[in-house]
2 protein chains.
Amino acid sequence: MNTNPRVEATRARILNAALDAFVLDGYTGASTDVIAATAAASKQTVYKYFGDKEGLFRALISDVVDRVHDSIVRLDIDAYDDGEAVVRALARLLSASVLDRRVQRFRRLVIAEAARFPDIGRAYYEGAFELTLGHMADLLASASERGWLHVDDPRIAANHLAGLLLWIPSNRIMMTGRFDAITEAEVESGLESGVRVFLAAYRD
Amino acid sequence: MNTNPRVEATRARILNAALDAFVLDGYTGASTDVIAATAAASKQTVYKYFGDKEGLFRALISDVVDRVHDSIVRLDIDAYDDGEAVVRALARLLSASVLDRRVQRFRRLVIAEAARFPDIGRAYYEGAFELTLGHMADLLASASERGWLHVDDPRIAANHLAGLLLWIPSNRIMMTGRFDAITEAEVESGLESGVRVFLAAYRD
């Protein structure tokens with residue numbers, strides 16, 4: 001990725017405008033003219049950075065992936081002393097990143113368009129959703145190797161942790177269309193109870 | 001509900017046509033003319049049975065609710081001997097009904113439209129999603145009263161069971177746009193492992 005701050009700022013503006021346009025007008029309806037104008041960029045710049053509309057969509061996937069994964073990938077198991085601490089840290093990162101407003105908007109977009117554009121949905125599902133689960137699974141496997149957890153199938157365990165933490169907030173945000181549908185206190189108590197259930201099943 | 005078979009058949013045809021039209025053209029774009037024509041019904045009949053487009057949408061919610069809830073509400077705890085049997089039966093009913101093709105299509109529709117029509121999303125969230133959780137919570141509370149489970153907060157426990165069972169299949173179907181994205185064998189093994197985790201946390 002280009003690290004020139006001006007280029008980065010322009011890229012970010014274009015991606016924001018693209019997400020807005022996709023969410024508002026659908027993938028088909030979104031116009032690269034409008035995206036360029038909203039981002040105060042030339043159409044030429046949009047094409048230079050992203051190719052075409054599909055390139056914009058793929059760049060948005062990378063952007064969402066970065067948000068969700070970077071923090072999880074950087075979670076260093078050697079910084080923890082036991083399984084509970086690792087699971088709690090992982091739960092907190094997963095919850096914060098998946099409930100990020102931009103990630104939630106993007107998920108809604110993917111779900112809305114998946115029937116018409118199966119390739120888009122599959123690209124997101126494999127490139128973001130499954131990838132996160134893979135990172136989580138690796139971490140749970142490491143904790144299991146240290147004897148901190150008993151995880152036979154790390155991928156299924158990762159699914160279980162995600163489901164315990166995210167089923168309610170994600171559905172409530174998706175279905176009500178409100179990003180403030182979940183309070184901080186609800187996220188906190190959801191973390192506590194989800195981690196407790198996970199540990200009951202996977203710690204002994 | 002009217003139990004005249006002809007009326008019921010016409011109602012069902014109109015609801016099917018409405019769901020197709022909403023999914024294809026969005027809530028705003030869907031035309032009651034097209035819905036009536038697809039259902040081989042007169043527009044007058046559509047209006048007589050459902051009022052307007054919003055009435056059609058609300059009738060679809062009821063239809064989805066019936067599919068998901070009827071089976072769960074009818075689950076008779078006295079037919080079981082222990083917590084594991086109850087949880088397994090509940091898990092099977094929940095999984096089958098939520099993964100029903102029509103329910104999944106309707107969920108996608110709600111998610112796609114929720115940002116533009118928050119009322120629609122809220123009506124579905126409260127009238128279907130939360131209602132199911134309530135029924136599940138009642139059943140888990142009954143099992144807990146019999147000493148078969150240890151459930152302090154039945155509603156949270158219901159959320160946990162749903163998340164453990166549905167996070168993966170529901171997301172995979174929603175995001176890939178494919179109703180065959182989950183195999184029977186995957187549903188079965190997902191049930192087994194989800195029930196196991198739930199019981200580890202809530203049976204002792």
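Residues numbered from 1 in each chain as written. Chains lettered and ligands numbered in written order. Predicted model: local features only at pLDDT ≥ 70, side-chain atom pairs only at ≥ 80, totals over all residues. Heavy atoms only, no water.

**A word on the packing of aromatic side chains**
Residues and elements named next belong to chain A.
Then, in step 1: Taken as a whole and judged by the stated rule, the model has 20 aromatic pairs over all chains.
Then, in step 2: Centroid distance Phe106 to Tyr124: 5.3 Å. Interplanar angle 65°. Geometry classified as edge-to-face. Within this pair, whereas Phe106 is found in helix H6 (residues 101–113), its partner Tyr124 is found in helix H7 (residues 118–145), the two being separated by 18 residues in sequence. Tyr124 shares its class with Phe106; the two are buried.
Then, in step 3: Look at Tyr125 and Phe129: their rings are 5.1 Å apart centre to centre, the planes differ by 20°, and that puts the pair in the stacked class. Pair noted here: Tyr125 and Phe129 are both in helix H7, with a separation of four residues, about one helical turn. Exposure class is identical for Tyr125 and Phe129. Each is buried.
Then, in step 4: For the cation-ring pair, Lys53 lies above Tyr27, with the distance from its terminal atom to the ring centre recorded as 5.5 Å.
Then, in step 5: Seen from the ring of Trp148, Arg146 lies directly overhead, with NZ or CZ sitting 5.7 Å from the centre. (Phe/Tyr/Trp six-rings, centres within 6.5 Å; stacked < 30°, edge-to-face > 60°. Helix = DSSP H or I, 4+ residues; strand = E, 2+ residues; numbered from the N terminus. Buried < 20%, exposed > 50% of the residue type's maximum accessible area, 1.4 Å probe, protein only. Lys NZ or Arg CZ within 6 Å of the ring centre and 35° of its normal.)

**A short note on the UniProt feature "DNA-binding region" (unreviewed entry) in chain A**
Then, in step 1: As recorded in UniProt, the feature "DNA-binding region" (unreviewed entry) lies at residues 31–50 of chain A.
Then, in step 2: Secondary structure content for residues 31–50 of chain A is 75% helix and 0% strand, while the C-alpha to C-alpha distance between its ends is 14 Å. (UniProt positions renumbered as here; feature names shortened; annotations may be inferred.)

**Here's the deal with the interface of chain B and chain A**
Then, in step 1: Each partner contributes residues to the interface: chain B has 41 residues there, and chain A has 41 residues.
Then, in step 2: When the two sides are added together, the surface that chain B and chain A hide from each other amounts to roughly 3,500 Å², 72% of it contributed by carbon and sulfur.
Then, in step 3: On the chain B side of the contact with chain A, Ile111, Trp167 and Met175 of chain B bury the most area, a combined 24% of that side's loss.
Then, in step 4: Linking chain B to chain A there are zero salt bridges.
Then, in step 5: Looking at the side of chain B that touches chain A, the element that brings in the most residues is helix H8 (residues 154–176) of chain B, giving 15 residues.
Then, in step 6: Of the residues assigned to the side of chain B that touches chain A, the class counts are 23 nonpolar, 10 polar and eight charged. (Contact = heavy atoms within 4.5 Å. Buried area = accessible area lost by both parts, 1.4 Å probe. Salt bridge = Lys/Arg side-chain N within 4 Å of Asp/Glu carboxyl O. Nonpolar A, V, L, I, M, F, W, Y, C, P; charged D, E, K, R; others polar.)

**A look at unusual backbone geometry**
Residue and element names in this part refer to chain A.
Then, in step 1: The backbone of Ala40 sits at a positive phi, close to 50°, despite the residue not being glycine.
Then, in step 2: Relative to the helices and strands, Ala40 resides in the loop between helix H2 (32–38) and helix H3 (43–50).
Then, in step 3: Its relative accessible area of 64% is what places Ala40 among the exposed residues.

**Focus: the packing of helix H5 (residues 83–98) of chain A against helix H9 (residues 184–202) of chain A**
Residues and elements named next belong to chain A.
Then, in step 1: Two elements in contact, H5 and H9, have axes whose closest approach is 10 Å; the angle formed by their N-to-C orientations is 140°. Relative to H9, the element H5 lies oblique. Judged by the sense of rotation from one axis to the other, the crossing of H5 with H9 is right-handed. In this structure, H5 uses Gly83, Glu84, Val87, Arg88, Ala91, Arg92 and Ser95 to contact H9, whose residues at the interface are Val187, Glu188, Leu191, Glu192, Val195, Phe198 and Leu199.
Then, in step 2: Residues belonging to the contact of H5 with H9 are distributed by class as follows: seven nonpolar, two polar and five charged. (Axes fitted to C-alpha atoms, helices over the stretch in contact; angles between N-to-C directions. Parallel < 35°, antiparallel > 145°, perpendicular 65-115°, else oblique. Left-handed = near helix turned anticlockwise from the far one by under 90°.)

**Considerations on the nonpolar core**
Across soluble globular proteins, nonpolar side chains show a tendency to be buried alongside one another.
Then, in step 1: Core analysis: the largest hydrophobic core is formed by 148 residues, its most contacted members being Phe22 and Phe106 of chain A together with Phe22 and Phe106 of chain B.
Then, in step 2: Ignoring anything within four residues of it in the chain, the contact list for Phe106 of chain A reads Leu19, Phe57, Leu60, Ile61, Val64 and Tyr124 of chain A. (Core = buried A, V, L, I, M, F, W, Y, C linked by side-chain atoms within 4.5 Å.)

**Section: the domain arrangement of chain A**
You'll often see interface size given as the accessible area lost when the parts meet.
Residue and element names in this part refer to chain A.
Then, in step 1: Segmenting chain A into domains produces domain 1 (1–51) and domain 2 (54–202).
Then, in step 2: Placing a centre on the C-alpha atoms of domain 1 and another on those of domain 2 gives a separation of 27 Å.
Then, in step 3: Tallying the contact residues gives 17 residues for domain 1 and 15 residues for domain 2.
Then, in step 4: When domain 1 packs against domain 2, close to 1,400 Å² is buried across both sides, 71% of that on carbon and sulfur atoms.
Then, in step 5: The largest share of the area that domain 1 buries against domain 2 comes from Leu15, Leu19 and Tyr27, three residues that together contribute 46% of it.
Then, in step 6: The interface formed by domain 1 and domain 2 holds one salt bridge in total.
Then, in step 7: A salt bridge links Asp20 to Arg105; the nearest nitrogen and oxygen atoms lie 2.9 Å apart. (Domains from an automatic or database assignment.)

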